[in-house]
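In case you want the letters, here they are:
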Amino acid sequence: NNSLTNVIRNNSENVGDVKVRVNAIPTHSLLKGEAESILISIKDWELKPQIKVELFELEVDRIKVNLDELKRKNIDLDKILESNLNLGWRTVLTEKDLNNILKSSYAQEMIKSFTKDSDEFEIVDLKLNLLPNNRIGIDSQVKLATRGDEILNVSLEFKVGIIKGHRLNITEIEGSLNGRKLSSTLLQGFADNFNKELTLKNLEKQGIIVRILRLNLDENSIEIAGFIHKQKTKNSLDNN
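In this numbering scheme, every chain counts its residues from 1 along its sequence in written order. Local features in a predicted model are, by the rule used here, given only for residues with pLDDT of at least 70; side-chain atom pairs are given and counted only at 80 or more, and totals for whole chains, interfaces and linings are based on all residues. As a rule here, side-chain values come from all non-hydrogen atoms in the structure, and water together with hydrogens is ignored.

**Structural notes on a nonpolar patch on the surface**
Then, in step 1: Each patch is built from salt-bridge-free residues with over 30% relative accessible area, joining like charges within 9 Å and nonpolar side chains (Val, Leu, Ile, Met, Phe, Trp, Tyr) within 5 Å. Surface exposure here means Shrake-Rupley accessible area, sampled with a 1.4 Å probe, where a residue is shielded only by the protein chains that are shown. A side-chain nitrogen of Lys or Arg and a carboxyl oxygen of Asp or Glu constitute a salt bridge if their distance falls within 4 Å. A cluster of nonpolar side chains, namely Ile209, Leu213 and Phe227, defines an oily patch on the protein surface of about 260 Å² accessible area.
Then, in step 2: The topology assignment puts leucine 213 in strand β12 (residues 208–217).
Then, in step 3: Any residue under 20% of the maximum accessible area for its type is buried, any over 50% is exposed, and the rest in between are partly exposed; the area is computed with a 1.4 Å probe on protein chains only. By relative accessible area, which is 62% here, leucine 213 ends up exposed. Working definition: helices are DSSP H or I runs of at least four residues, strands are E runs of at least two. Numbering for both runs from the N terminus.

Below, the structure written as structure tokens:
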């Protein structure tokens, strides 16, 4: 338990409360890196600067790991795993957490990457507003190539859901540009194209299956829960 707690703290920017429970039968199997199950709960977890979650819970099924690799400062999941990985997880993020993440260098790089192929617009600022009934509001400032350096205020509001556990689904979208209402039909057309691109099935090419089982939003926070399955790598098979 202490080893896992230290791994979490050593690989985090900041951590509030950490609880770890490792179940192993027989107990001496822990010395070989084997466990029947692992339960982890972390509160106020800042993984990297500006990347923080209010609560993260993890439940891992039977697993075998390389203990020497687990002790390293920069952990490599492929080197650590000596068995398949099956885990369930749940996380809660506040509106403040989400907006801090959007301001982080990691999110900014993702936004730039997402818009790099478009010479038509540039996102200058972005803010999320969580709303009841699984709705999200977005207030943004953008520049259009056709409007020079003029800053345009774009506001959107929509309902978000998950289809078959892997595909994001944006519906009931409304929006305005500089206070003037935009066509809901046109906006939904853009959203549908966006929905097609955002699927967790893309991770399956890397041998990782991720599914979202629960997505709940209210005006204070967002709760997401799901499971992950990862096959052990060929290298791990060879080592066994």
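**Focus on the packing of aromatic side chains**
Then, in step 1: Stacked, tilted and edge-to-face pairs are distinguished by plane angle, under 30 degrees for stacked and over 60 for edge-to-face with tilted covering the rest, among Phe, Tyr and Trp rings (Trp via its six-membered ring) whose centres lie within 6.5 Å. One pass over the full model with this rule turns up one aromatic pair.
Then, in step 2: Taking the centre distance of 5.2 Å and the plane angle of 55 degrees together, the rings of tryptophan 45 and phenylalanine 56 count as tilted. Remark: phenylalanine 56 occurs in strand β4 (residues 51–60) and tryptophan 45 occurs in strand β3 (residues 37–48); sequence separation between them is eleven residues. Note on accessibility: tryptophan 45 and phenylalanine 56 belong to one class, buried.

**Quick look at unusual backbone geometry**
Then, in step 1: We note that aspartate 44 has phi near 50 degrees; this positive angle belongs to a residue other than glycine.
Then, in step 2: For aspartate 44, the location among the structural elements is in strand β3.
Then, in step 3: A residue is classified by how much of its surface remains accessible, and aspartate 44, at 42% relative accessible area, is partly exposed.
Then, in step 4: Phi at lysine 164 is positive, roughly 55 degrees, even though this residue is not glycine.

**So, the pairing of strand β10 (residues 167–177)**
Then, in step 1: A pair of strands counts as paired when DSSP detects no fewer than two bridges linking them. Sheet topology places strand β9 (residues 152–163) next to β10; nine bridges connect them, and they run antiparallel. In the strand pairing of β10, leucine 156 is matched with glycine 175.
Then, in step 2: As consecutive antiparallel partners, β9 and β10 are separated by three residues, and within that stretch lysine 164 has a phi angle of approximately 55 degrees, a positive value.
Then, in step 3: Pairing between β10 and strand β11 (residues 180–181): two bridges, direction antiparallel. Bridging across to β11, serine 176 finds its partner in lysine 181.
Then, in step 4: From the end of β10 to the start of β11, which pair antiparallel, there are two residues, and asparagine 178 there has a positive phi angle of about 50 degrees.

**Re the sheet that holds β11**
Then, in step 1: With respect to topology, five strands assemble into an open sheet ordered β7-β8-β9-β10-β11, the strand pairing being antiparallel. Looking at the sheet topology across the chains shown, the edges are occupied by β7 (121–131) and β11.
Then, in step 2: In this structure, strand β8 (residues 135–144) lies alongside β9, joined through eight bridges in antiparallel fashion. If you follow valine 142 over to β9, its bridge partner there is leucine 152.
Then, in step 3: We call two residues in contact when some of their heavy atoms are within 4.5 Å. Interaxial angle, 0 to 180 degrees, is taken between N-to-C directions of lines fitted to C-alpha atoms, where a helix line uses only the stretch in contact. Of the strands in this sheet, β9 and β10 are in contact with helix α6 (residues 184–197), which crosses β10 at around 150 degrees.

**Describing the pairing of strand β13 (residues 221–230)**
Then, in step 1: β13 sits mainly inside the fold: eight of its ten residues count as buried.
Then, in step 2: Examined bridge by bridge, strand β6 (residues 85–94) and β13 share ten bridges and lie antiparallel to one another. Considered in β13, the bridge of glycine 88 is made with phenylalanine 227.
Then, in step 3: Hairpin connection between β12 and β13: a loop of three residues separates the two successive antiparallel strands.

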